[in-house]
Amino acid sequence: MRKKRILFINPVGHSDWDAAIKDYLEEARSESTTVDVISLKKGPHHLEYHYYEALIGVDLLNTIKWAEKDGYDAAVIGCFYDPFLEEAREICERMVVTAPAESSLQLASVLGDSFSIIVGRKKWIPAMRRNVMKYGYGEKLASFRSLEMGVLEFHADENRTRNRLVEEALKAVEEDRAETIVLGCTIQFGFYRELQEMLGVPVIDVVLAPFKHAEFLVDLRDRFGWATSKVGGYETPPVREIREWRLEEQYAMDGLWSEKKK
């Protein structure tokens, strides 16, 4: 059986979480899957600000295009903002690309009639609400609940994080009538099972959801030919223009783009 190769990208300029997420995904992967976890070589250490998100765009997209050229079957963009997901699908001709919010909200909408998203800070809510609406799940959104903790705090004091997650998730279920809980940051990984047992509702881990979604989509592509459409919104840019405008040179993409084989 051919192995599926999946790359999980932490779109930040440090590798502090790579080993832990790699171990986490190794436990979750199918036997036919191999997984690698990498981060960007430079950039901000979290994406809590729109400015920080903008800074990682070129490096992230170059990494995704490199992954396709290297033979990966899928890439996961490891941030719940789903940064540059549409752009990534546009530039990939065969490789599957998933991201946490889209994958998790699809799953949450199937597992319950309503869901709440547990975010780190209120600052995150407007952008995340826009994604909920864009993906078409506005009617199922029960609430956002905020821990008032930043990304870099979640695993610095796990007891505090766990206590805050329990407190806010309970409010979401009991007061907001959420039937499913979505943990609204990839760095909240590792807490879902305990919360789920305590709350009695599905709790979606947003590292696991896009990874398993990626495995599923690769299977669909390989068995049934169901892949990202290239006749509309995800049409890939012409290689001729990229070469003519010397974009490969300007944005350190040398060798990543090549003409399709006839």
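Residues numbered from 1 in each chain as written. Predicted model: local features only at pLDDT ≥ 70, side-chain atom pairs only at ≥ 80, totals over all residues. Heavy atoms only, no water.

> Please provide a residue-by-residue account of a nonpolar patch on the surface, values included.
On the surface, a cluster of nonpolar side chains totalling about 330 Å² of accessible area is made up of Tyr49, Tyr51 and Leu55. Positionally, Leu55 belongs in helix 2 (residues 50–55). Among the residues examined, Leu55 registers a relative accessible area of 47% and is labelled partly exposed. (Patch = residues over 30% accessible without salt bridge, like charges linked within 9 Å, V, L, I, M, F, W, Y side chains within 5 Å. Areas by Shrake-Rupley, 256 points an atom, 1.4 Å probe, with all protein chains shown as cover. Salt bridge = Lys/Arg side-chain N within 4 Å of Asp/Glu carboxyl O. Helix = DSSP H or I, 4+ residues; strand = E, 2+ residues; numbered from the N terminus. Buried < 20%, exposed > 50% of the residue type's maximum accessible area, 1.4 Å probe, protein only.)

> Account for the packing of aromatic side chains, with residues named and values stated.
For the coordinates displayed, the defined rule picks out six aromatic pairs. Here Tyr51 and Tyr52 contribute two aromatic rings whose centre-to-centre distance is 6.1 Å and whose plane-to-plane angle is 45 degrees, an arrangement assigned as tilted. Residue Tyr51 is classed as exposed on the basis of its relative accessible area of 56%. Among the aromatic residues, those joined into a ring-pair cluster are Tyr49, Tyr51 and Tyr52. The aromatic ring of Tyr72 is capped on one face by Arg5, whose charged end is 4.0 Å from the ring centroid. Here Lys65 stacks its cationic end above the ring of Trp257, 4.2 Å away from the centre of that ring. (Phe/Tyr/Trp six-rings, centres within 6.5 Å; stacked < 30°, edge-to-face > 60°. Lys NZ or Arg CZ within 6 Å of the ring centre and 35° of its normal.)

> How would you explain unusual backbone geometry if you had to name every residue and give the values?
Even without being glycine, Arg246 reaches a positive phi, approximately 60 degrees. You can see Arg246 is positioned in the loop between helix 10 (239–244) and helix 11 (247–250). One non-glycine residue with positive phi stands out, namely Ala252, at about 55 degrees. Within the secondary structure, Ala252 is located in the segment after helix 11. A residue is classified by how much of its surface remains accessible, and Ala252, at 61% relative accessible area, is exposed.

> Before we move on, could you go through empty space enclosed by the protein and cite the residues and values that matter?
Counting across every chain of the model gives one cavity of 30 Å³ or more. Taken as a whole, the largest cavity encloses approximately 190 Å³ of empty space. Leu47, Cys79, Val151, Cys185 and Thr186 are, among the 19 residues lining the largest cavity, the residues nearest its centre. A class-by-class count of the residues in the lining of the largest cavity yields twelve nonpolar, six polar and one charged. (1 Å grid on protein atoms, 1.4 Å probe; cavity = no way out; pocket = protein on both sides within 12 Å on 5 of 7 lines; lining within 4 Å. Points joined across faces, edges and corners; volume = space filled by probe spheres on them. Nonpolar A, V, L, I, M, F, W, Y, C, P; charged D, E, K, R; others polar.)

> Which residues make up helix 6 (residues 125–134), and what are the values?
Three or more residues of helix 6 are buried, namely Ile125, Ala127, Met128, Asn131 and Val132. The buried residues of helix 6 all sit within an arc of 165 degrees when viewed along its axis, so they share a single face. Contact partners of the buried residues in helix 6: helix 2, helix 5 (100–111), strand 5 (115–119) and strand 6 (141–146). (Arc of directions from axis to C-beta. Contact = heavy atoms within 4.5 Å.)

> Can you explain the nonpolar core? Please cite residues and give values.
Counting residues in each nonpolar core, the largest one holds 84 residues, and the members touching the most others are Ile21, Leu25, Ile64, Phe115, Ile117, Ile181 and Val182. Considering every element that reaches this core, the biggest residue donor is helix 9 (residues 208–224), with five residues. Ignoring sequence-local partners within four residues, the contact set of Phe115 consists of Leu105, Ala108, Val132, Tyr137, Lys140, Leu141, Ala142, Ser143, Ala178, Thr180 and Val182. (Core = buried A, V, L, I, M, F, W, Y, C linked by side-chain atoms within 4.5 Å.)

> Tell me about the pattern of salt bridges, and please be specific about residues and values.
In a structure, side chains of opposite charge can pair up when their charged atoms sit close to one another. Enumeration according to the criterion identifies 30 salt bridges in this entry. One salt bridge in this structure joins Arg5 and Asp70, with 3.1 Å as the shortest N-O distance. One end of the pair, Arg5, is in strand 1 (residues 4–10); the other, Asp70, is in the loop between helix 3 (57–69) and strand 3 (74–77), and 65 residues separate them in sequence. By relative accessible area, which is 25% here, Arg5 ends up partly exposed. Judged by relative accessible area, which is 37%, Asp70 ranks as partly exposed. A salt bridge links Glu168 to Arg145; the shortest N-O distance between them is 3.8 Å. You can see Glu168 sitting in helix 7 (residues 158–174) and its partner Arg145 sitting in strand 6, a full 23 residues away along the chain. Considered together, Glu168 and Arg145 belong to a single accessibility category, that of buried residues.

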